Amino acid sequence: MDPAEHDEEVEDWEAEYDSKTLPLSQLNQLMIISNFATLQLKGLSRTQASIEIACQWHEGQGNWFSRHVRALACHYQIFEKLPVEKRGGSGKHCSWLHDESVKKLTLNWLTSQKTGNVTPRKLQHALNDRLFTELNITPKSPISEHTARWWLIKLGWRQTVVQKGIYMDGHE
């Protein structure tokens, strides 16, 4: 690749990718690809350039990261875009917890329980057996214990050990 072609590619990147809307992970990927291309223009082989970038970005993880850099550059060279991010999910799912009536009834149930008596399993059974039927809601599948645990966390409940009190020695 000659330097003029590299400058054109950088301009194309700037036109295609707006740094104000890109996540940090994609900005880092673009920086890595740019540095990789620059090192290759300076005469380093693909392996040498990727090892150099790996040493700059991740000390101690040279082999794995250098292979990752070469794969990223190859993907960009073939498809002319960054790989699709597979982490994080779509963000389009909806939880019953977003429904205000479900949230309010769940909080009422939680506060009506005896101190130290709330567990994810009890919340799960209360939701599936009582609370959803009170609201005339029929979910596709019952709420799992794992989901009940996350609901507790999102509602501000934390697992703690309930202690009876402080022991005081009456002497002196």
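Only a predicted model underlies this, so the values are computations on that prediction, with no experimental measurement involved.

Caption draft 1: Examining the nonpolar core more closely. Residues Trp109, Leu110, Leu123, Leu127, Leu131, Phe132 and Trp151 are the most contacted members of the largest nonpolar core, which totals 16 residues. Considering each element in turn, this core owes the most residues, 5 residues, to helix 6 (residues 120–134). Apart from the residues within four sequence positions on either side, leucine 131 is in contact with Leu105, Thr106, Trp109 and Ala126. Counting residues in each nonpolar core, the second largest holds 15 residues, with Leu22, Ile53, Val69 and Ala73 among its members.

Caption draft 2: Just the packing of helix 2 (residues 24–41) against helix 3 (residues 46–57), in detail. Their axes nearest at 9 Å, the elements helix 2 and helix 3 cross at an angle of 135°. As the angle between them shows, helix 2 and helix 3 are arranged oblique. For the pair helix 2 and helix 3, the crossing hand works out as right-handed. Each of Asn28, Met31, Ile32, Asn35, Phe36, Leu39 and Gln40 in helix 2 lies in contact with helix 3, whose residues at this interface are Arg46, Ala49, Ser50, Glu52, Ile53 and Trp57. Among the residues forming the contact of helix 2 with helix 3, the class breakdown is 7 nonpolar, 4 polar and 2 charged.

Caption draft 3: Region of the structure containing the pattern of salt bridges. Following the criterion strictly, the structure yields 2 salt bridges and no others. A salt bridge links glutamate 145 to arginine 149; the nearest nitrogen and oxygen atoms lie 3.7 Å apart. A residue pair is termed a helical-turn pair when its members lie 3 or 4 positions apart in one helix, as glutamate 145 and arginine 149 do in helix 7 (residues 145–154) at 4 residues. Looking at arginine 149, the relative accessible area reads 38%, which means it is partly exposed.

Calculation rules
- Positions within a chain are numbered from 1, following the residues in the order the chain's sequence is written.
- Two thresholds apply to this predicted model, a pLDDT of at least 70 for residue-level local features and 80 or more for giving and counting side-chain atom pairs, whereas whole-chain, interface and lining totals are computed over all residues.
- To get the side-chain values, take all heavy atoms of the structure and skip hydrogens and water.
- We call a set of buried residues a nonpolar core when its members are Ala, Val, Leu, Ile, Met, Phe, Trp, Tyr or Cys and they connect through side-chain atoms within 4.5 Å of each other.
- Any residue under 20% of the maximum accessible area for its type is buried, any over 50% is exposed, and the rest in between are partly exposed; the area is computed with a 1.4 Å probe on protein chains only.
- For the purposes of this entry, the term helix denotes a DSSP run of H or I that reaches at least four residues, the term strand denotes a run of E that reaches at least two, and both are numbered from the N terminus.
- Should any heavy atoms of two residues lie within 4.5 Å, those residues are considered in contact.
- Axis geometry follows a simple rule: fit a line to the C-alpha atoms, using only the stretch in contact for helices, then measure angles between N-to-C directions, giving values from 0 to 180 degrees.
- Should an angle lie under 35 degrees it is considered roughly parallel, over 145 roughly antiparallel, and from 65 to 115 roughly perpendicular; all remaining angles are considered oblique.
- The crossing is said to be left-handed when, going from far helix to near helix, the turn is anticlockwise and less than a right angle, and right-handed when the turn is clockwise.
- Amino acid classes used here: Ala, Val, Leu, Ile, Met, Phe, Trp, Tyr, Cys and Pro are nonpolar; Asp, Glu, Lys and Arg are charged; the rest, including Gly, are polar.
- Note on definitions: salt bridges are taken to be side-chain nitrogens of Lys or Arg within 4 Å of carboxyl oxygens of Asp or Glu.

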